[in-house]
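Structural characterization, general
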Amino acid sequence: MVSSRVATLSSNNYNNKKKVVFVLGATATGKTRLSIEIATRISGEIINSDKIQVFKGLDIATNKVSEKERKGIPHHLLAFLHPEDDFTPEDFCKRTLEAIDKITAKGNLPIVVGGSNTYIEALVEDPEIKFRAKFDCLFLWTDASLPVHYEYVGKRVDKMVEAGLVEEAREMFRPGADYNKGVRRAIGAPELDEYFQFEQLMKDDDEETKQLLLKNAIQEIKDNTCKLVDKQLEKIHRLRNEVGWEMHRFDATRVLETRGEESEIAWKQQVLNPGMQIVEEFLKNGAKIHHEETKVSAANKKYD
């Protein structure tokens, strides 16, 4: 098991830098799942870098990982702020550095995961923080074909609605609420505002209009989530192509477009196994590693 070696690997780091793994990717590509799978294998702890998931409330809308899904892995910066507080990139950097210190002091590996790439860039590239001078960074990127990704997003929104998204948002609804602050910025809250306002004023004989407003709101949630995917990918491509971050990309397309056993096989072969191989190499040798698609088959032989 890798976990039995993590302390040794960390202490024998060739440049004496502490190691930090970042898991990037647009929403719904398996970032959270990959981070937890890695953490269970190499004594890791997870630091949330999603600027909306730091707030309490709207757990379904913000896709917060459940206690069961965490598999006992400690999570930092997750659902700890009041729903109407502010949380700036500066706040994120300060809190994340504190969390990294606590995690590494225990001999564990910090794994920063989330879709707020602006926050991650602020942490890594701030000239005053000098993050790269102190830490060895590994950037993992879960990605998928856009047509498949968009379709998957729509299906996931439908599942969120089935799980109680509308009821959850209704509890948070306040007439005249500010949707540019706190957890109410989450996709799923502002889109339902018109529906909830009409619901409060609705006459008994106007159910048809109410259902139309709900249908339109759900479609808007899907559309805005796809727009979020585009923005997240644009930032990731800029970090890779303009800022110069070396990213290890894993194609989760088959994971998203299949179901059941086929999806699980694709997850292991295309994402988890090659991801674990890269992490192991990083722990042994530092950041100077290279990932190619040809490594996928070798990784699967090792972990099958």
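The residue numbering used here restarts from 1 in each chain and proceeds along that chain's sequence as written. In view of the model being predicted, local features appear only for residues whose pLDDT reaches at least 70, and side-chain atom pairs are presented and counted only at 80 or more, with totals across whole chains, interfaces and linings using the full set of residues. Think of the side-chain values as coming from all heavy atoms in the structure, minus any hydrogens and water.

Right, let's get into the side chain of Asn48. Along the polypeptide, Asn48 turns up in strand 2 (residues 44-48). Partly exposed residues are those whose accessible area sits between 20% and 50% of the maximum for their type, while under 20% is buried and over 50% is exposed, using a 1.4 Å probe and protein chains only. On the basis of relative accessible area, Asn48 is assigned to the buried category, the value being 5%. Contacts described as polar in this section are N or O atom pairs within 3.5 Å, which, within protein, must combine one atom able to donate a hydrogen with one able to accept it, while residues neighboring in sequence count only if both atoms come from side chains. Among the polar contacts made by the side chain of Asn48, one reaches the main-chain carbonyl oxygen of Leu77 at a distance of 2.8 Å. Setting aside residues no more than four positions away along its own chain, Asn48 makes contact with Gln53, Val54, His76, Leu77, Leu78, Phe92 and Val113. Numbering of helices and strands runs from the N terminus, with a helix taken as a DSSP run of H or I at least four residues long and a strand as a DSSP run of E at least two residues long. Here, two residues are considered to be in contact whenever any of their heavy atoms come within 4.5 Å of each other.

Moving on: the nonpolar core. We call a set of buried residues a nonpolar core when its members are Ala, Val, Leu, Ile, Met, Phe, Trp, Tyr or Cys and they connect through side-chain atoms within 4.5 Å of each other. Counting 57 residues, the largest nonpolar core has Phe22 and Phe131 as the members making the most contacts within it. Of all the elements in the fold, those that place two or more residues in this core are strand 1 (18-25), helix 4 (89-105), helix 5 (117-125), strand 5 (135-143), helix 7 (146-162), helix 8 (165-172), helix 9 (193-201) and helix 10 (207-243). If sequence neighbours within four positions are ignored, Phe22 has contacts with Val112, Ile120, Leu123, Val124, Phe131, Cys137, Leu138, Phe139 and Leu140. Counting 28 residues, the second largest nonpolar core, distinct from the first, contains Ile36, Val65, Ala252 and Ile278.

By the criterion of burial, strand 2 is predominantly enclosed, with 5 of the 5 residues buried. Of the two faces of strand 2, the one carrying Gly44, Ile46 and Asn48 and the one carrying Glu45 and Ile47 are both buried. Here, strands pair whenever DSSP counts at least two bridges between them. Bridging between strand 2 and strand 3 (residues 75-76) involves 2 bridges; their strand directions are parallel. Bridge assignment links Ile47 to a residue of strand 3, and that residue is His76.

Our focus in this paragraph is helix 9. Here helix 9 has its buried residues at Asp193, Tyr195 and Phe196. Projection of helix 9 onto a plane perpendicular to its axis shows the buried side chains occupying an angular sector of 160°, all on one side. With respect to the buried face of helix 9, the exposed residues turned more than 90 degrees away are Glu194 and Leu201. Where helix 9 is buried, its residues contact helix 8 and helix 10. The arc in question is the one spanned by the directions pointing from the helix axis to the C-beta atoms.

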